[in-house]
Each structure stands twice: as C-alpha cells, then as structure tokens.
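Single-letter residue listing:
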Amino acid sequence: ARLFIRSALDGRWKDAKRLVVQDSLNIQDIETAQRMADRWDVNTQRGYREAQIRIHDTRKQGDSVSIITYSNTFKNQRDSIKVISIGGQWLVDLKYSFHRNNAAQQ
C-alpha cells in the first residue's frame, strides 16, 4: 500500500498501475486519477511529491485482505485503501476507495 501511495504522490503512474488489481475497473480508475493529477499546477504537484505518508490504521480482514487508513502531509485528509494478496503479491483494489460510496447508496 505504501509503495502504491508513494508512486501516486510522486506521479509515477506506470509504477502505481502495476500495483493495482489488473481488472478493467481498477485500470480505468488509475488512468482517471492520472488524468486528474496531470491537470494539477506545478505547486500542487510539488506538494504531493514532497508529502510524507502517514499510516493511521491497518485493519486485517482475513489473511489476504487489509484496509489501510492513511493521509499525506500535503492534503492532510484521511483516506482508505484496500490491499489484496493475489498469488503472493499485495495489490491495491481501487474499487474500495473509489466506488464504495456509490455501492452503499444503491
């Protein structure tokens, strides 16, 4: 999770993309996040690159799923990310972060 967050903060989207579950929705979400970040001004991009990651909580949900609550020192807003162990590799499932509110409303 930390490597994914750091890659995204640094704008290393190719690296971040390799760390997500490789399904169409996750790929679409990471590409959308990249397009949004590409529109940030230079100062905002620098702020994210220079930000530190703060891990606030880790909740294990069995042996292969964890929910990580984190923030960064630039945005200072808590968010959560889900990581899943697939074939011995921990990957980020962006559907948890980007689509959980939509699913709860339906």
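Up top is the structure.
A.B. asks: Could you clarify how one ought to interpret the packing of aromatic side chains in this entry?
C.D. replies: Applying the stated rule across the entire model yields 2 aromatic pairs. Relative to F74, the ring of Y48 lies with its centre 4.7 Å away and its plane at 65°, an arrangement referred to as edge-to-face. Separated by 26 residues along the polypeptide, Y48 in helix α4 (residues 42-50) and F74 in the loop between β2 (65-72) and β3 (79-86) bring together distant segments of the chain. In this structure F74 comes out as partly exposed when scored by relative accessible area, which is 36%. Taken together, the ring pairs connect W40, Y48 and F74 into an aromatic cluster.

A.B. asks: Honestly, unusual backbone geometry in this entry has me stumped. Any pointers?
C.D. replies: Backbone geometry follows two general trends: most residues other than glycine have a negative phi, and most peptide bonds adopt the trans configuration. Phi at N76 takes a positive value of approximately 50°, unusual for a residue other than glycine. Considering the arrangement of structural elements, one finds N76 in the loop between β2 and β3.

A.B. asks: Quick question: what am I supposed to make of the pattern of salt bridges here?
C.D. replies: Pairs may arise between side chains of opposite charge once their charged atoms sit close together. Per the counting criterion, the structure on display carries 8 salt bridges. Taking the shortest distance from any N to any O, the salt bridge between R6 and D10 comes out at 3.0 Å. Of this pair, R6 and D10 both sit in helix α1 (residues 2-10), separated by 4 residues, roughly a single helical turn. Between R59 and D57 there is a salt bridge whose closest N-O contact spans 3.7 Å.

A.B. asks: I tried to follow α1 on my own but got confused; where do I start?
C.D. replies: Taken residue by residue, α1 has F4, I5, S7, A8 and L9 as its buried positions. G11 occupies a position one or two residues after α1 and carries a positive phi of about 75°.

A.B. asks: Is there a simple way to think about the sheet that holds strand β4 (residues 89-93) in this case?
C.D. replies: Strand pairs in the sheet, formed through backbone hydrogen bonds, run parallel or antiparallel to each other. What the 4 strands build is an open sheet, ordered β1-β2-β3-β4; its pairing is antiparallel. Both edges of this open sheet fall to β1 (53-60) and β4, since each of them pairs with a single strand only. Shown here is a sheet whose adjacent strand axes are inclined to one another by a mean of 30°, direction ignored.

Cut-offs used in this document
- Residues numbered from 1 in each chain as written.
- Predicted model: local features only at pLDDT ≥ 70, side-chain atom pairs only at ≥ 80, totals over all residues.
- Heavy atoms only, no water.
- Phe/Tyr/Trp six-rings, centres within 6.5 Å; stacked < 30°, edge-to-face > 60°.
- Helix = DSSP H or I, 4+ residues; strand = E, 2+ residues; numbered from the N terminus.
- Buried < 20%, exposed > 50% of the residue type's maximum accessible area, 1.4 Å probe, protein only.
- Salt bridge = Lys/Arg side-chain N within 4 Å of Asp/Glu carboxyl O.
- Pairing = 2+ DSSP bridges.
- Axes fitted to C-alpha atoms, helices over the stretch in contact; angles between N-to-C directions.

Nothing here speaks to function; it is all geometry.
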